[in-house]
Amino acid sequence: MKSKEIAKDLFYVGVNDRQKSLFENLWPLPAGVSYNSYLMIDQKTALFDTVDICYADIFLKKIAALLDGRKLDYLIVNHMEPDHSGSIRMLKEQYPDLKIVGNAQTFKMLEGFHGIAEGLHEVKEGDTLDLGRRKLQFLMAPMVHWPEVMFTIDLTDHILFSADAFGTFGALSGNVIDTEMNADAFIQDSIRYYSNIVGKYGNPVQRALKKVKDFEISTICTLHGPVWRERIPEMLSLYERLSRYEAEDGVTIAYGSMYGNTEQMAEAIALSLSEHGVRNIAMHNTLKSHASYILSDIFRYRGLIIGSPTYSNQIYPDIESLLSKIEIREVKNRYFGCFGSFSWAGAAVKRMGAFAERMNWETVGAPVEQRQGTIAERFDDCWALGAAMAGKVAG
Ligand code: FEO
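Report on the accompanying structure. (Residues numbered from 1 in each chain as written. Predicted model: local features only at pLDDT ≥ 70, side-chain atom pairs only at ≥ 80, totals over all residues. Heavy atoms only, no water.)

### Some remarks on the overall build of the protein chain
For step 1, the next point in the chain: Counting secondary structure elements, the protein chain contains twelve helices and 23 strands.
For step 2, the next point in the chain: When the 395 residues of the protein chain are sorted by exposure, 57% land in the buried category.
For step 3, the next point in the chain: Looking at the protein chain alone, contacts between residues at least 24 apart form 72% of all its contacts between residues at least 6 apart.
For step 4, the next point in the chain: When the accessible surface of the protein chain is split by element, carbon and sulfur atoms take 48% of a total near 16,200 Å².
For step 5, the next point in the chain: In the protein chain, which carries 42 positive and 50 negative side-chain charges, the distance between the mean positions of the two groups comes to 2 Å. (Helix = DSSP H or I, 4+ residues; strand = E, 2+ residues; numbered from the N terminus. Buried < 20%, exposed > 50% of the residue type's maximum accessible area, 1.4 Å probe, protein only. Contact = heavy atoms within 4.5 Å. Areas by Shrake-Rupley, 256 points an atom, 1.4 Å probe, with all protein chains shown as cover. Lys, Arg positive; Asp, Glu negative; His and termini not counted. Charge placed at Lys NZ, Arg CZ, Asp CG, Glu CD.)

This is the structure:
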């Protein structure tokens, strides 16, 4: 059994999951996902996080092969979500003298998930741990997904172990480090990963980035996706932008449609956007596009136009669900437009206006509402809405 050495005496011991359809049972994984873990072999040995329990067996075999009879001294737990903590109990059974390194929040979760309350080494902000040649330092990064999250920095070789931060969907296909692959697809999907998983926590991400700036970083070992080396500046700048909810010029149109009437309004608005110079237009029928991809585009583009039929005097259920996901993530500073249709009494457009007010977004253009299939009568209004949005985002 052979494992990839990603830096001197630092080995990649993560696993790929091409079996699950949904991450967190919510987010599609068309290209799978990796659960990354790293083993450092120094005078002391240290493992950084574990993997989903489904892969515990192969994971433990990789570690045993590398240790080759040596004991495992430390498990450093940067994140307790089960995709990373799932194998801790089995690891502890195999290495009972192991010291588990984490913070006070980590240990509450460790006891809750695994019933482990002994053999702990608690660390606080700025604490260090000597492994021999290498020295580690711990930085708390609460809410860079969960409250117990921390980053660990190898001060010797300037390696950042960043928990979920800078992670992305997509299993690794042999290559582990960005320098040995074309990582473009991973970078693209890192926006979907960020917006779906970390998107709510812009301010905590900002605080964590600020801490990291005090250190020289040559390598980022995230818990999902490639090890970053040559594309670190790109990932740092992406996180800076996403965590501030800054977006590119472009428009996301998301609509639901029962009989095709709202859909035709979306088509008219998209044509108008195009005619008025908007190059980036991401159009989603919410019944076809998984919300995961729509959220990713909403994080990417500064314009958002949503269309909904009125359904039982409410917003169409699928659109309601999308609005809730946006609201949960507290997405800031979007230009908003809305439209919709109804058969006997309109309500969806008014309710979407209330949503935009709650989000504190600027509403652009006049909302357009269509009765039955009267697109011909409202075409000019759809066109005007597209033109108004283009005036904001055409760049
Ligand atoms: Fe990859 Fe928040 O766990």
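### Description of the sheet that holds strand β16 (residues 219-221)
For step 1, the next point in the chain: Taken together, five strands build an open sheet; the order of strands is β12-β13-β14-β15-β16 and the sheet is mixed. Taken across any chain shown, the strands that pair with only one partner, and hence form the sheet edges, are β12 (128-130) and β16. Across this sheet, the average inter-strand angle for adjacent strands is 20°, counted without regard to direction.
For step 2, the next point in the chain: Where strand β14 (residues 150-154) meets strand β15 (residues 159-161), three bridges bridge the pair, whose relative direction is antiparallel. The residue of β15 that forms the bridge with Thr152 is Phe161. (Pairing = 2+ DSSP bridges. Axes fitted to C-alpha atoms, helices over the stretch in contact; angles between N-to-C directions.)

### Details of the sheet that holds strand β10 (residues 99-102)
For step 1, the next point in the chain: Taken in spatial order, the seven strands make up an open sheet running β1-β2-β7-β8-β9-β10-β11, and their pairing is mixed. In this open sheet, the two strands that pair with only one neighbour each are β1 (4-7) and β11 (120-122). Taking each pair of neighbouring strands and ignoring which way they run, the sheet shows an average axis angle of 25°.
For step 2, the next point in the chain: Inspection of the sheet shows β10 paired to β11 by three bridges, in the parallel sense.

### Some words on helix α7 (residues 232-243)
For step 1, the next point in the chain: Between its first and last C-alpha atoms α7 spans 16 Å; for twelve residues at 1.5 Å apiece the expected length is 16 Å, and the two agree.
For step 2, the next point in the chain: Turning to α7, its buried residues are Ile232, Met235, Leu238, Tyr239, Glu240, Leu242 and Ser243.
For step 3, the next point in the chain: If you follow the buried residues of α7, they end up packed against α5 (184-198), α6 (202-212), β16 and α9 (291-300).
For step 4, the next point in the chain: Two residues or fewer past α7, Tyr245 is found with a positive phi of approximately 60°. (Expected span 1.5 Å × (residues − 1).)

### Thoughts on the pairing of strand β13 (residues 135-140)
Across a regular strand the side chains alternate sides, sitting on one face of the sheet and then on the other.
For step 1, the next point in the chain: With five of its six residues buried, β13 lies for the most part within the structure.
For step 2, the next point in the chain: With three bridges connecting them, β12 and β13 associate as antiparallel partners. Counted as the bridge partner of Thr128 is Gln137 from β13.
For step 3, the next point in the chain: In textbook terms, the turn of a hairpin is the stretch between consecutive antiparallel strands, and for β12 and β13 this stretch comprises four residues, one of which, Gly132, has a positive phi near 130°.
For step 4, the next point in the chain: Bridging between β13 and β14 involves five bridges; their strand directions are antiparallel. Looking at β14, one finds that Phe138 is bridged to Thr152.

### Quick look at the packing of α9 against helix α10 (residues 317-328)
For step 1, the next point in the chain: The N-to-C vectors of α9 and α10 enclose an angle of 50°; their axes lie 11 Å apart at closest approach. Classed by the angle they form, the pair α9 and α10 counts as oblique. For the element pair α9 and α10, the recorded crossing hand is right-handed. Of the residues in α10, those in contact with Ala291, Ile294, Leu295 and Ile298 of α9 are Leu322, Lys325 and Ile326.
For step 2, the next point in the chain: Along the lines of polarity and charge, the residues of the contact of α9 with α10 split into six nonpolar, no polar and one charged. (Parallel < 35°, antiparallel > 145°, perpendicular 65-115°, else oblique. Left-handed = near helix turned anticlockwise from the far one by under 90°. Nonpolar A, V, L, I, M, F, W, Y, C, P; charged D, E, K, R; others polar.)

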